[in-house]
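Fold and geometry: a report
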Amino acid sequence: MSLPICLCQVIALSILFISEVCLAGKEIPASFVFGDSLVDAGNNNYLTTLSKANYDPNGIDFGSATGRFTNGRTIVDIVIQALGSDELTPPNLAPTTRGSLVLKGVNYASGGSGILNSTGKLFGDRINVDAQLDNFATTRQDIISWIGESAAAKFFRSAIFSVTTGSNDLINNYFTPVVSTLERRVVPPEDFVDTMISRFRLQLTRLYQMGARKIVVINIGPVGCIPFSRESDPTAGNECSVEPNEVAQMYNLQLKTVVDDLNANLQGSRFVYADVFRIVYDIIQNYGSYGFESEKVPCCSLAGKVGGLIPCGPSSKVCMDRSKYVFWDPYHPTEAANIIIARRLLSGDTSDIFPINIRQLANLKLNT
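Residues numbered from 1 in each chain as written. Predicted model: local features only at pLDDT ≥ 70, side-chain atom pairs only at ≥ 80, totals over all residues. Heavy atoms only, no water.

**What to know about the sheet that holds strand β3 (residues 31–35)**
With respect to topology, six strands assemble into an open sheet ordered β4-β3-β5-β6-β7-β10, the strand pairing being mixed. Because the sheet does not close on itself, it has two edges, and the strands there are β4 (105–107) and β10 (353–354). Here strand β5 (residues 160–164) runs beside strand β6 (residues 214–218); their pairing, made up of five bridges, is parallel. If you follow Val163 over to β6, its bridge partner there is Val217. The sheet strands contacting helix α3 (residues 129–147) are β3, β4 and β5, and the helix crosses β3 at an angle near 160 degrees. (Pairing = 2+ DSSP bridges. Helix = DSSP H or I, 4+ residues; strand = E, 2+ residues; numbered from the N terminus. Contact = heavy atoms within 4.5 Å. Axes fitted to C-alpha atoms, helices over the stretch in contact; angles between N-to-C directions.)

**Side note on the nonpolar core**
If you look at the biggest cluster of nonpolar residues, it comprises 85 residues, and the most contacted ones within it are Phe32, Ile143, Phe161 and Leu345. Cys299, Cys300, Cys312 and Trp328 belong to the second-largest nonpolar core, a separate cluster that totals five residues. (Core = buried A, V, L, I, M, F, W, Y, C linked by side-chain atoms within 4.5 Å. Buried < 20%, exposed > 50% of the residue type's maximum accessible area, 1.4 Å probe, protein only.)

**Description of the state of the cysteines**
On inspection of all chains with the given rule, the structure shows three disulfides. Across the disulfide from Cys299 sits Cys319; the S-S distance is 2.1 Å. Sign of the S-S torsion, about -100 degrees for the bond between Cys299 and Cys319, identifies this disulfide as left-handed. With a gap of 20 residues between them, Cys299 in the loop between α10 (276–285) and β8 (300–301) and Cys319 in the loop between β9 (317–318) and α11 (335–347) connect regions that are remote in the sequence. Each member of the pair, Cys299 as well as Cys319, is classed as buried. Cys300 shares a disulfide with Cys312; S-S distance 2.0 Å. Here the S-S torsion is close to 80 degrees, and the disulfide linking Cys300 with Cys312 is therefore right-handed. (Disulfide = S-S within 2.5 Å.)

**Topic: the pairing of β6**
For β6, the buried fraction is high: five of the five residues fall into the buried class. The two faces of β6 match: Lys214, Val216 and Ile218 on one face and Ile215 and Val217 on the other face are all buried. Relative to strand β7 (residues 270–274), β6 runs parallel, the two being bridged by five bridges. Looking across to β7, one finds that Lys214 is bridged to Arg270.

**So, the packing of helix α5 (residues 167–174) against helix α7 (residues 189–209)**
For any two helices packed against each other, one specifies the crossing angle of their axes together with the interaxial distance. Remark: α5 packs on α7, axes separated minimally by 11 Å, with the N-to-C direction vectors making an angle of 135 degrees. By the angle between their directions, the pair α5 and α7 is classed as oblique. In this structure, the crossing between α5 and α7 has a hand that is right-handed. Where α5 approaches α7, its residues Asp169, Leu170, Asn173 and Tyr174 are matched on the opposing element by Pro189, Phe192 and Met196. The class makeup of the residues in the contact of α5 with α7 is five nonpolar, one polar and one charged. (Parallel < 35°, antiparallel > 145°, perpendicular 65-115°, else oblique. Left-handed = near helix turned anticlockwise from the far one by under 90°. Nonpolar A, V, L, I, M, F, W, Y, C, P; charged D, E, K, R; others polar.)

Below is the structure:
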């Protein structure tokens, strides 16, 4: 490529950078998404993995099966639209996620992934958090080369980063049926949680070192209440599986301390702790008051006492009214549940998200 053409591209991208972050006088922050299938926007479509959702009936209310593990939008989709964006954050592995498009943000999330690199190996390929950060490092370097270090630092300082991970480290690692039985006898849950927390602290710190300043950290939800866990635990009866929820809360308690420590020690940062466990557990316990009719049986099901044995697929039965179900499939919420979660993260008080909510975070002006 000749130098004049290269310079023209840099100038064009710089102009686009200025226009992309401001629409009708309102700043719309770029969104950089890390995590698992709860927020995957289609990265796993490009992997050799059992953890895929790019087939019907997934996306039945989205218009097509994009690789999102739900009937419609994910939580991050709903959040970025609520903040004013008319486009959803594109998956990093999509060949179209290039050039000026990345200045609106990129989604690096991968179904089956976790904090630990051993998590999700039964699925085949997946992009665990360390690799997602590697992919962001590549994007970051591209942006710096386009708009310069100073402008890039300002850009990343105003962007919102979100990390939704940890669930697979429990349900597809420590609590994997049959496979993990021996490990649980040897490794107490306290030790496993300590390993998760130590690794995740390093990952969040690395994200800060690469320029992230506004970081939403999603805790682990009540994984013992998903249809898969109810199905897998013969002692659960008609209730949630107890032990996965207890370990999730053990992890969440330590994670809250990590978020507090990072806020205190990483200058100019604002880490936000999102208590999705509390929000989702409230929805499950009070599902009727939220307009749901089923909190145990997923909308898309095939086999099992609560339909939680087999992932959603073309041969599954699909409910007629998805708005009446908390769960879409054995693992993931419906769009209706995601809307409630997203609204509480956007505008909730400190019992849902601490120390500020996402709207306040988006409007926050941080010092360099």
